[in-house]
Amino acid sequence: DQQVKQNSPSLSVQEGRISILNCDYTNSMFDYFLWYKKYPAEGPTFLISISSIKDKNEDGRFTVFLNKSAKHLSLHIVPSQPGDSAVYFCAADTSNTGKLIFGQGTTLQVKP
Amino acid sequence: DTAVSQTPKYLVTQMGNDKSIKCEQNLGHDTMYWYKQDSKKFLKIMFSYNNKELIINETVPNRFSPKSPDKAHLNLHINSLELGDSAVYFCASSPAIADSYEQYFGPGTRLTVT
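Parameters and conventions
Residues numbered from 1 in each chain as written. Chains lettered and ligands numbered in written order. Predicted model: local features only at pLDDT ≥ 70, side-chain atom pairs only at ≥ 80, totals over all residues. Heavy atoms only, no water. Disulfide = S-S within 2.5 Å. Helix = DSSP H or I, 4+ residues; strand = E, 2+ residues; numbered from the N terminus. Buried < 20%, exposed > 50% of the residue type's maximum accessible area, 1.4 Å probe, protein only. Contact = heavy atoms within 4.5 Å. Pairing = 2+ DSSP bridges. Axes fitted to C-alpha atoms, helices over the stretch in contact; angles between N-to-C directions.

**Student:** Account for the state of the cysteines, with residues named and values stated.
**Tutor:** All names here are of chain B. Under the counting rule described, the total for this entry stands at two disulfides over all chains. One disulfide bridge connects Cys23 with Cys91, the sulfur atoms lying 1.8 Å from each other. Judged by the sign of its S-S torsion, about -75°, the cystine formed by Cys23 and Cys91 is left-handed. Remark: Cys91 occurs in strand 9 (residues 87-94) and Cys23 occurs in strand 3 (residues 19-25); sequence separation between them is 68 residues. A residue is classified by how much of its surface remains accessible, and Cys23, at 1% relative accessible area, is buried. Classification of Cys91 as buried rests on a relative accessible area of 0%.

**Student:** If you had to explain the environment of B:Lys41 to someone new, which residues and values would you point to?
**Tutor:** Within the secondary structure, B:Lys41 is located in the loop between strand 4 (31-37) and strand 5 (43-50). On the basis of relative accessible area, B:Lys41 is assigned to the partly exposed category, the value being 45%. For the pair formed by B:Lys41 and B:Ala87, sequence separation is 46 residues and the distance between their alpha carbons is 9.1 Å. With residues near it in sequence (within four places) discarded, B:Lys41 still touches A:Phe89 and A:Gln104.

**Student:** Describe the sheet that holds strand 7 (residues 64-70) of chain B, with residues and values.
**Tutor:** Residues and elements named next belong to chain B. Spatially, the four strands line up as an open sheet ordered 1-3-8-7, and their pairing is antiparallel. Bordering the open sheet on either side are strand 1 (4-7) and strand 7, each of which pairs with just one other strand. Going from strand to strand, the sheet's axes swing by 20° on average, the running direction of each strand aside. Inspection of the sheet shows strand 7 paired to strand 8 (residues 73-78) by five bridges, in the antiparallel sense. Residue Phe64 lies in a different strand from strand 8, and its bridge partner there is Ile78.

And the structure:
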């Protein structure tokens, strides 16, 4: 039973354009959501997060949108850069347990 | 300086052996975690320790035993290794359970059981 799903295994965009990565969840008890970025042979690194009391959080080129009624969140990267090419994981937590539930990741390729 | 480090980076061993993976963090964090990333790339939490106390213990075979000698270290010992244990194991840490949303990951240990 996968509570956090990233249905697109891969995404390819042109440098300078917008990248939109999507994530769906089933557990309505999730109250915090995070995006992690992972390069090959490295561990995931924290990118951006959002609390369930918000619907948008922005940090530079990265914006996360949360639609609680649809149980959906998305990560927007504008403008996309070749260095953004990596695997992006969506994760969720409930009541600050520290037990992050991860999606299976989306591989983003940004072409120069 | 590496914030969360793991040794070894690669581990190849035979079925039935016992092996350990070490993890150290120099961030001063109180909470440490072990995750397993399987062949389908799912990252799943296995254990979590807060100040040397076990706080999360997911459905993991008891052949896996975490040990935390101090809050900067969380080691993973695996007995009687099986083929299905082949995976990448990530250690992570976070400042305290109340701020545990953001976790900092190590580079991973790729375990191959033959």
